[in-house]
There are 2 protein chains.
Amino acid sequence: MRINRLIYHEGKVTNPYSVAPTSHFFGSTSQSDPLFWFVYACGPLPHTRGYLLFGSTLLSGWPVSTVHRKEASRFVPSSVRFFSFHYLSSASSFLHPLKMEFKKPATVLNLANIRQALVRMEDTVVFSFIERSQFYESPSVYAPNKYKIPNFSGSFLDWLLLQNEKTHSLVRRYESPDETPFFPDQLEESFLPSLNYPPVLADYADEVNVNDEIRTVYIEKIVPQIAAKRGDQDENIGSTACADVDCLQALSRRVHFGKFVAEAKFQNEMAHYTNLIRNKDIKGIEEAITDSAVEAKILERLIAKGHAYGTDPTLRYSQNPQSKVQPEAIAKIYKEVVIPLTKKVEVEYLLRRLGDDDEAEAQDPQRKTQLMNRLLSNSLW
Amino acid sequence: MRINRLIYHEGKVTNPYSVAPTSHFFGSTSQSDPLFWFVYACGPLPHTRGYLLFGSTLLSGWPVSTVHRKEASRFVPSSVRFFSFHYLSSASSFLHPLKMEFKKPATVLNLANIRQALVRMEDTVVFSFIERSQFYESPSVYAPNKYKIPNFSGSFLDWLLLQNEKTHSLVRRYESPDETPFFPDQLEESFLPSLNYPPVLADYADEVNVNDEIRTVYIEKIVPQIAAKRGDQDENIGSTACADVDCLQALSRRVHFGKFVAEAKFQNEMAHYTNLIRNKDIKGIEEAITDSAVEAKILERLIAKGHAYGTDPTLRYSQNPQSKVQPEAIAKIYKEVVIPLTKKVEVEYLLRRLGDDDEAEAQDPQRKTQLMNRLLSNSLW
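Residues numbered from 1 in each chain as written. Chains lettered and ligands numbered in written order. Predicted model: local features only at pLDDT ≥ 70, side-chain atom pairs only at ≥ 80, totals over all residues. Heavy atoms only, no water.

**Regarding the overall build of chain A**
Thinking step 1. Regarding its fold elements, chain A presents 14 helices and four strands.
Thinking step 2. Counting over 381 residues, chain A shows a buried share of 57%.
Thinking step 3. Residue pairs at least 24 apart in sequence account for 69% of intrachain contacts in chain A once pairs closer than 6 positions are excluded.
Thinking step 4. Total accessible area on chain A is roughly 16,700 Å²; 52% of this is exposed by carbon and sulfur atoms. (Helix = DSSP H or I, 4+ residues; strand = E, 2+ residues; numbered from the N terminus. Buried < 20%, exposed > 50% of the residue type's maximum accessible area, 1.4 Å probe, protein only. Contact = heavy atoms within 4.5 Å. Areas by Shrake-Rupley, 256 points an atom, 1.4 Å probe, with all protein chains shown as cover.)

Right, here's the structure in full:
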């Protein structure tokens, strides 16, 4: 059974690249085989790169796990970069990779899911910039103690951001491993029962926090590029600061998602990263985590999104379609701020990745088998 | 001097409709005339309908005022529906109508500005729906007392919305005439000095508040159309409720903007509305405030925005561009919820519009002249 035909007819593989000649799809499935295996492999498929779903038997709910590229080499020719085995409960189920859910660690460290989440976050970032662009630059919002605020010393923005974080900590926002507070020391305990997320990242992950830098660079470099005008507009300081909070939180989530990228890459190429980390080879780590082709695609896509989301589509063919934020400015912000800060998070995270246990594990010749077993028993359902 | 040529060459009139054959532009300006008049008139120009900017002399900073359609009939042929006189400090200044600022009442009651604000708010509404569409329907978020919240009885959403409103009331959000709280009785006093907005609306305007209805219809009719899936997702109740707060506030601002629409229409056609209001002719008021052609345009534009903003533009030509919210659903929500509720706000506002003073004023035969004088002395600078 050739799966590429199925994929095509199902019409669910949405990206034109998926039927490009560089993609490979192959599979085997047999109704009569109780183990009912399915395997497919893909080349440079955007959004679905580098995951291996692995499963067996007819029983619904059987373990399906993510296995990484290193392990995968046992099963497929080396010419295939990324591939997956997938339990098929229906002919098309494999076409919907399991969605990222923080209660299911394997879905979080799936590079395809991470990629998809990062692409989706671009929308939130662009929307928040567009909303911010309605207001003036408003330096008073960022000046420390410009306004007299009872029991508080700091900028107006900081005050609003802190109130927001306090309220959201009460409803468990910062328990989620993809949320990083700007005021980690001032959070409150939630009245809701803890969610007890299974660990996805190393235990020091919360300490990798570049929010102070994000805030500084946001105020100094981003605001001037997206604000409607220079100067202050006293009656809009509240709206402005609210829009700032949204921008900062969107940027913070995007940048700190680097931790998941780093963890997934580490697990995928453990020997290589272990070496680099042991040698404190920061340049080597930066090179290993950098994919210039992907970065170029991100910038291209941001310009497209800036045009699409920032322009009234019914005015698109007029003489001056009035982009609310210059698409090139959004790409520039990513190139100069978001991508470098994400890499900083990745490097900081990776440099600490070899705790004692990890180091022992990495030296263990049985490591690969252990990893495989762990992953296979790691149910996604 | 024929102004249509200028407009076109300036390249600032952005809408293709502006050069449609139904548009009229005419003007007169004379450098030698110390009163240096400028007049232009337009037909059905979207976003610039129905305003008259009125000014004179060479002095920069001279009064420029809005005058309404009724008054305008003195100056231009009746075949021209909308027109304006504008003080020209530079050849292109008249092409940028003065932006809406709540500290300058005449800019707020300018129908062109109101229209533009409403069009811009569509973006915020669509963005907020797209953000909400990442999460499940989450009925637990809306069920009263589903979660035990200290010192609070109500739904989880209500709790989060109340915290948000309390914080924002501290920074004057609800002093602004375009913001309407869901919990008007539980707001706090701001630590910032009051902004003392000049009155734009009648003094009972704050009492026209349909937020309870907005919340009900949002939960019952809107959420099911935009949520990713049925059911609950315990770890996302916080994110879901945050997205809900954004949707509700965007909808509330949009719907209650009807007050400005109503006030501007009332001032434009005072005699007609006075009659209708005096006769408590609700059907007549509804007819007077309804423009079916404009409504059809809104729905068309929302579908275009749903496609443009809800789709990754780099995937637009793939087999399944994955609209995050069905554009038709957004149009349906406007048609069945937003537009009817806006009209309800307009009617409620108008039915109370004839206080004793207004009634006296409307009967005064000098009314038109008085209005004209008042408007002319009403500086926008």
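**Comments concerning unusual backbone geometry**
Thinking step 1. For A:N151, which is not glycine, the phi dihedral falls at a positive 55 degrees.
Thinking step 2. Position of A:N151 among the secondary structure elements: in the loop between helix 4 (111-132) and helix 5 (156-170).

**Concerning the interface of chain B and chain A**
Thinking step 1. On the side of chain A, 56 residues touch chain B, which itself brings 56 residues to the contact.
Thinking step 2. Inspection of the chain B/chain A interface yields six salt bridges.
Thinking step 3. We note a salt bridge from A:R120 to B:E131, for which the minimum N-O separation is 2.7 Å.
Thinking step 4. Summed over the shared surface of chain B and chain A, the result is 12 residue pairs in polar contact (both at pLDDT 80 or more).
Thinking step 5. Listing elements by their share of the side of chain B that touches chain A, those giving two or more residues are helix 4 (111-132), helix 6 (156-170), helix 8 (237-256) and helix 12 (292-309) of chain B.
Thinking step 6. Of the residues contributing to the side of chain B that touches chain A, the split by class is 25 nonpolar, 17 polar and 14 charged. (Salt bridge = Lys/Arg side-chain N within 4 Å of Asp/Glu carboxyl O. Polar contact = N/O pair within 3.5 Å; in protein donor to acceptor, adjacent residues only side chain to side chain. Nonpolar A, V, L, I, M, F, W, Y, C, P; charged D, E, K, R; others polar.)

**Thoughts on the nonpolar core**
Thinking step 1. A:F129 and B:F129 are the most contacted members of the largest nonpolar core, which totals 172 residues.
Thinking step 2. When residues no more than four places from it in sequence are discounted, the contact partners of A:F129 are A:I222, A:I226, A:C247, A:L251, A:V325, A:I330 and A:I333. (Core = buried A, V, L, I, M, F, W, Y, C linked by side-chain atoms within 4.5 Å.)

**Quick look at the environment of A:K229**
Thinking step 1. If you trace the backbone, A:K229 turns up in the loop between helix 6 (211-226) and helix 7 (237-256).
Thinking step 2. Residues A:K229 and A:F152, 77 residues apart in the sequence, show an inter-C-alpha distance of 29 Å.

**Section: the relation of the copies chain B and chain A**
Thinking step 1. Rotating chain B by 180 degrees about the axis while translating it 0.0 Å along that axis superimposes it on chain A, leaving an RMSD of 0.0 Å. Put plainly, the chains are arranged around a two-fold axis. Considering only C-alpha atoms, the part of chain B nearest the rotation axis is B:Y309, at 2.4 Å. (Least-squares fit on C-alpha atoms with pLDDT ≥ 70 in both.)

**Quick look at helix 11 (residues 292-309) of chain A**
Thinking step 1. In this model, helix 11 of chain A (18 residues) spans 25 Å end to end at C-alpha, consistent with the 26 Å of a helix rising 1.5 Å per residue.
Thinking step 2. Buried positions along helix 11 of chain A lie against helix 4, helix 7 and helix 12 (327-351) of chain A together with helix 4 and helix 12 of chain B. (Expected span 1.5 Å × (residues − 1).)

**Observations concerning the confidence of the model for chain A**
Residues and elements named next belong to chain A.
Thinking step 1. With 67% of its residues at a pLDDT of 70 or more, chain A shows a mean pLDDT of 75.
Thinking step 2. Segment residues 1-97: pLDDT under 50, and 207 contacts once partners within four positions in sequence are set aside and those in other chains are kept.
Thinking step 3. Confidence drops under pLDDT 50 across residues 368-381; counting only partners more than four residues distant or on other chains, this segment forms 40 contacts.
Thinking step 4. Scored as a complex, the prediction yields pTM 0.74 and ipTM 0.73. (pLDDT = per-residue confidence, 0-100.)

**A short note on the packing of aromatic side chains**
Thinking step 1. Within this structure, the stated rule accounts for 13 aromatic pairs over all chains.
Thinking step 2. Ring centres of A:W159 and B:F191 lie 5.0 Å apart, and the angle between their planes is 85 degrees; this geometry places the pair in the edge-to-face category. Of this pair, A:W159 sits in helix 5 while B:F191 sits in the loop between helix 6 and helix 7 (211-226), on two different chains.
Thinking step 3. Every member of this aromatic cluster is reached through a ring pair, and the members are A:F127, A:Y309, B:F127 and B:Y309. (Phe/Tyr/Trp six-rings, centres within 6.5 Å; stacked < 30°, edge-to-face > 60°.)

**Here's the deal with the pattern of salt bridges**
Thinking step 1. This model, assessed by the stated rule, comprises 39 salt bridges over all chains.
Thinking step 2. Across the pair A:D123 and B:K324 runs a salt bridge whose closest N-O atoms are separated by 2.8 Å. Placement of the pair is A:D123 in helix 4 and B:K324 in the loop between helix 12 and helix 13 (327-351), with the two residues belonging to separate chains.
Thinking step 3. In this structure A:D123 comes out as buried when scored by relative accessible area, which is 1%.
Thinking step 4. Owing to a relative accessible area of 24%, B:K324 belongs among the partly exposed residues under this scheme.
Thinking step 5. The partner of B:D212 in a salt bridge is B:R215, with the nearest N and O atoms 2.7 Å apart. A residue pair is termed a helical-turn pair when its members lie 3 or 4 positions apart in one helix, as B:D212 and B:R215 do in helix 7 at three residues.
Thinking step 6. Counted as one network, the salt bridges with shared partners bring together A:E122, A:D123, A:R301, A:K305 and B:K324.

**Some details on the packing of helix 9 (residues 258-268) of chain B against helix 10 (residues 270-278) of chain B**
Residues and elements named next belong to chain B.
Thinking step 1. At a closest axis distance of 5 Å, the pairing of helix 9 and helix 10 adopts a crossing angle of 110 degrees. Relative to helix 10, helix 9 is oriented roughly perpendicular. Of the residues in helix 10, those touching helix 9 at K265, F266, Q267 and N268 are M270, Y273, T274 and I277.
Thinking step 2. Its residues placed into classes, the contact of helix 9 with helix 10 shows four nonpolar, three polar and one charged. (Axes fitted to C-alpha atoms, helices over the stretch in contact; angles between N-to-C directions. Parallel < 35°, antiparallel > 145°, perpendicular 65-115°, else oblique.)

**What to know about the environment of B:P181**
Residues and elements named next belong to chain B.
Thinking step 1. Looking at the secondary structure, you find P181 in the loop between helix 6 and helix 7.
Thinking step 2. What makes P181 buried here is its relative accessible area of 11%.
Thinking step 3. Taking the C-alpha atoms as reference points, P181 and S169, separated by 12 residues in sequence, lie 8.9 Å from one another.
Thinking step 4. When residues no more than four places from it in sequence are discounted, the contact partners of P181 are E165, Y174, L187, N209 and N211.

**Focus on the state of the cysteines**
Thinking step 1. For the structure shown, the criterion picks out zero disulfides over all chains.
Thinking step 2. Note on A:C242: no disulfide assigned, nearest cysteine sulfur contributed by A:C247 at a separation of 11 Å. (Disulfide = S-S within 2.5 Å.)

**Topic: helix 4 of chain B**
Thinking step 1. The terminal C-alpha atoms of helix 4 of chain B, which comprises 22 residues, lie 31 Å apart, in line with the 32 Å expected from a rise of 1.5 Å per residue.
Thinking step 2. Most of helix 4 of chain B sits out of view: 19 of its 22 residues are buried.

**Considerations on the side chain of B:D178**
Residues and elements named next belong to chain B.
Thinking step 1. Within the secondary structure layout, D178 lies in the loop between helix 6 and helix 7.
Thinking step 2. With a relative accessible area of 6%, D178 lands in the buried category.
Thinking step 3. Of note is the side chain of D178, whose polar atom sits 2.4 Å from the side chain of S176.
Thinking step 4. Here R253 takes part through its side chain, which lies 2.8 Å from a polar atom of the side chain of D178.
Thinking step 5. Those residues in contact with D178 that lie beyond four places of it in its chain are F102, R253, F257 and F260.

**With respect to the side chain of A:Q233**
Thinking step 1. You can see A:Q233 is positioned in the loop between helix 6 and helix 7.
Thinking step 2. Residue contacts for A:Q233: discarding those within four places in its chain leaves A:Y136 and B:E101.

**Looking at the packing of helix 9 of chain B against helix 13 of chain B**
Residues and elements named next belong to chain B.
Thinking step 1. Packing of helix 9 against helix 13 brings their axes to within 8 Å, and their N-to-C directions diverge by 50 degrees. In terms of axis orientation, helix 9 runs oblique to helix 13. Read as a crossing pair, helix 9 and helix 13 show a hand that is right-handed. Along the contact surface, helix 9 presents G258, K259, V261, A262, E263, K265 and F266, while helix 13 presents T342, V345, E346, Y349 and L350.
Thinking step 2. Looking at side-chain class alone, the contact of helix 9 with helix 13 contains six nonpolar, two polar and four charged residues. (Left-handed = near helix turned anticlockwise from the far one by under 90°.)

**So, the environment of A:R316**
Thinking step 1. Assignment of secondary structure puts A:R316 in the loop between helix 11 and helix 12.
Thinking step 2. Residues A:R316 and A:L201, spaced 115 residues apart in sequence, show a C-alpha to C-alpha distance of 44 Å.

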